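# Working through the structure, step by step
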Amino acid sequence: CKAMTEWLSEWKEPYPRLVILANGEEGALNSLTAFSATVALDLEFQIGPLFGITQTPSALLVDRNGRIASTIAVGAVQIKALV
């Protein structure tokens, strides 16, 4: 997650909204607030698997109407391609 903060800090688009699922220690993920994406913090990775997410970081785009507008991107390379 930390490796993504530099190029994600350039993400300023309100829509589609970038939503990132991350896990780990809460304090270690504070750097994820440096950009305008929504970060869902799944500390013990209990929620992600319910949505078919097997790894973090993962991300997807949500449109202006709250609908999922992309497939799930897994890992920094796929998330960067998504945005």
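Relevant structure appears above.
Residues numbered from 1 in each chain as written. Predicted model: local features only at pLDDT ≥ 70, side-chain atom pairs only at ≥ 80, totals over all residues. Heavy atoms only, no water.

### A few points about the overall build of the protein
Per the secondary structure count, the protein includes 2 helices and 4 strands. Of the regular secondary structure in the protein, the N- to C-terminal order runs α-β-β-β-β-α. Sorting the 83 residues of the protein into buried and exposed places 31% on the buried side. In the protein, of all internal contacts separated by at least 6 residues, the share reaching a separation of at least 24 is 40%. Of the roughly 5,200 Å² that the protein leaves accessible, carbon and sulfur atoms contribute 53%. (Helix = DSSP H or I, 4+ residues; strand = E, 2+ residues; numbered from the N terminus. Buried < 20%, exposed > 50% of the residue type's maximum accessible area, 1.4 Å probe, protein only. Contact = heavy atoms within 4.5 Å. Areas by Shrake-Rupley, 256 points an atom, 1.4 Å probe, with all protein chains shown as cover.)

### Regarding the nonpolar core
Counting residues in hydrophobic clusters, the biggest one holds 11 residues: Met 4, Trp 7, Leu 8, Trp 11, Leu 18, Ile 20, Ala 37, Ala 59, Leu 61, Ala 73 and Ile 79. Those elements that place two or more of their residues in this core are helix H1 (5–8), strand S1 (17–22) and strand S3 (58–62). Once residues within four sequence positions are removed from consideration, Trp 11 is found in contact with Pro 16, Leu 18, Ser 36, Leu 61 and Val 83. (Core = buried A, V, L, I, M, F, W, Y, C linked by side-chain atoms within 4.5 Å.)

### Some words on unusual backbone geometry
In this chain, Thr 56 is followed by Pro 57 through a cis amide linkage whose omega measures 0 degrees. The residue Pro 57 is located in the loop between strand S2 (38–41) and S3 in this model.

### Some thoughts on the side chain of Asp 42
For Asp 42, the position within the fold is in the loop between S2 and S3. Put simply, Asp 42 is tucked away with no salt bridge, and the nearest opposite charge, on Arg 17, sits 18 Å away. When sequence neighbours within four positions are dropped, the list of residues in contact with Asp 42 reads Leu 21, Ala 22, Asn 23, Gly 24, Ile 47 and Gly 48. (Lys, Arg positive; Asp, Glu negative; His and termini not counted. Salt bridge = Lys/Arg side-chain N within 4 Å of Asp/Glu carboxyl O.)

### Considering the environment of Ile 72
Looking at the secondary structure, you find Ile 72 in the loop between S3 and strand S4 (73–74). Here Ile 72 falls in the partly exposed class, since its relative accessible area comes to 31%. Between the C-alpha atom of Ile 72 and that of Phe 51, which follows or precedes it by 21 residues, the distance is 9.9 Å. Every residue in contact with Ile 72, bar those within four places of it in the chain, is listed here: Phe 51, Ile 53, Ser 58, Ala 59, Leu 60 and Gln 78.

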